[in-house]
Amino acid sequence: MQTDHGPAPMQKRSFIDPHNIVYATIILLVSMDVLQYRDEEGDGVSLAEFLVLTIGPLVMVAVAHSFAGAIEIQVRQRRRLIASDYRNLSVTVLQYASVAVIPSVLAIGLSAGGQPAITAAVITEILGLISLVLWGYYAGWTSGRGYAGRIGNALLYGFVGLVIIALELAISH
């Protein structure tokens, strides 16, 4: 068990940035609720609508996040952007967009099988909540918590995901 309660040592940057992936997952879950609401209120949701409303918000937020990151570098560090900055900002966009891969593939596969694309939204919400629970467990593990603490962390992350979905439903309905 880890006894040092200080910050974890910095590790080499990887493609998987928990902050970006979890944030994108939450955006995706809200998008899935919007799709389901549109499906209930209209004549269904086409595959094209599903893909636009799945990928679009993630790409928009990713570009906005990268834009803000570029401004932050220039203002706080008082320097021009260099090649590595552009690479890092591009990776951020890819991280957000990568979250749309599974629901998009699900929707395409379901549509090819004659099923409505909206079914992918329900599956994606379940997978998204499971993902948040797993991220909670992983966060507990990497922060040195014991088994009970990891489970508590996992349940908390899942609960926060449910609260976000419930708030979105309350606002949109």
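Structure: see above.
Rules used in this analysis
Residues numbered from 1 in each chain as written. Predicted model: local features only at pLDDT ≥ 70, side-chain atom pairs only at ≥ 80, totals over all residues. Heavy atoms only, no water. Helix = DSSP H or I, 4+ residues; strand = E, 2+ residues; numbered from the N terminus. Buried < 20%, exposed > 50% of the residue type's maximum accessible area, 1.4 Å probe, protein only. Contact = heavy atoms within 4.5 Å. Areas by Shrake-Rupley, 256 points an atom, 1.4 Å probe, with all protein chains shown as cover. Lys, Arg positive; Asp, Glu negative; His and termini not counted. Charge placed at Lys NZ, Arg CZ, Asp CG, Glu CD. Expected span 1.5 Å × (residues − 1). Polar contact = N/O pair within 3.5 Å; in protein donor to acceptor, adjacent residues only side chain to side chain.

Remarks on the overall build of the protein chain
1) Next: A count of helices and strands for the protein chain gives 6 helices and 0 strands.
2) Next: Shown N-terminal to C-terminal, the secondary structure of the protein chain runs as helices and strands in the order α-α-α-α-α-α.
3) Next: The principal-axis extent of the C-alpha atoms belonging to the protein chain is close to 55 × 45 × 30 Å.
4) Next: Looking at the protein chain as a whole, 32% of its 173 residues are labelled buried.
5) Next: Look at the contacts in the protein chain between residues 6 or more apart in sequence, and 70% of them connect residues 24 or more apart.
6) Next: Carbon and sulfur atoms form 68% of the exposed surface of the protein chain, whose accessible area is close to 10700 Å².
7) Next: Between the averaged position of the 10 positive side-chain charges in the protein chain and that of its 12 negative side-chain charges there is a distance of 22 Å.

Description of the environment of Ile102
1) Next: The residue Ile102 is located in helix H4 (residues 101–112) in this model.
2) Next: Separated by 31 residues in the primary sequence, Ile102 and Ile71 place their C-alpha atoms 31 Å from one another.

Let's talk about helix H5 (residues 119–142)
1) Next: Taking 1.5 Å of rise per residue, the 24 residues of H5 would be expected to cover 34 Å, and the 34 Å separating its terminal C-alpha atoms lies within 8% of that figure.
2) Next: Of the residues making up H5, those classed as buried are Ala120, Ala121, Thr124, Glu125, Gly128, Leu129, Leu132, Trp135, Gly136 and Gly140.

Some remarks on the side chain of Ser31
1) Next: Here Ser31 shows up in helix H1 (residues 18–41).
2) Next: Using a relative accessible area of 7% as the deciding quantity, one classes Ser31 as buried.
3) Next: One polar contact links the side chain of Ser31 to the main-chain carbonyl oxygen of Leu53, over a distance of 3.5 Å.

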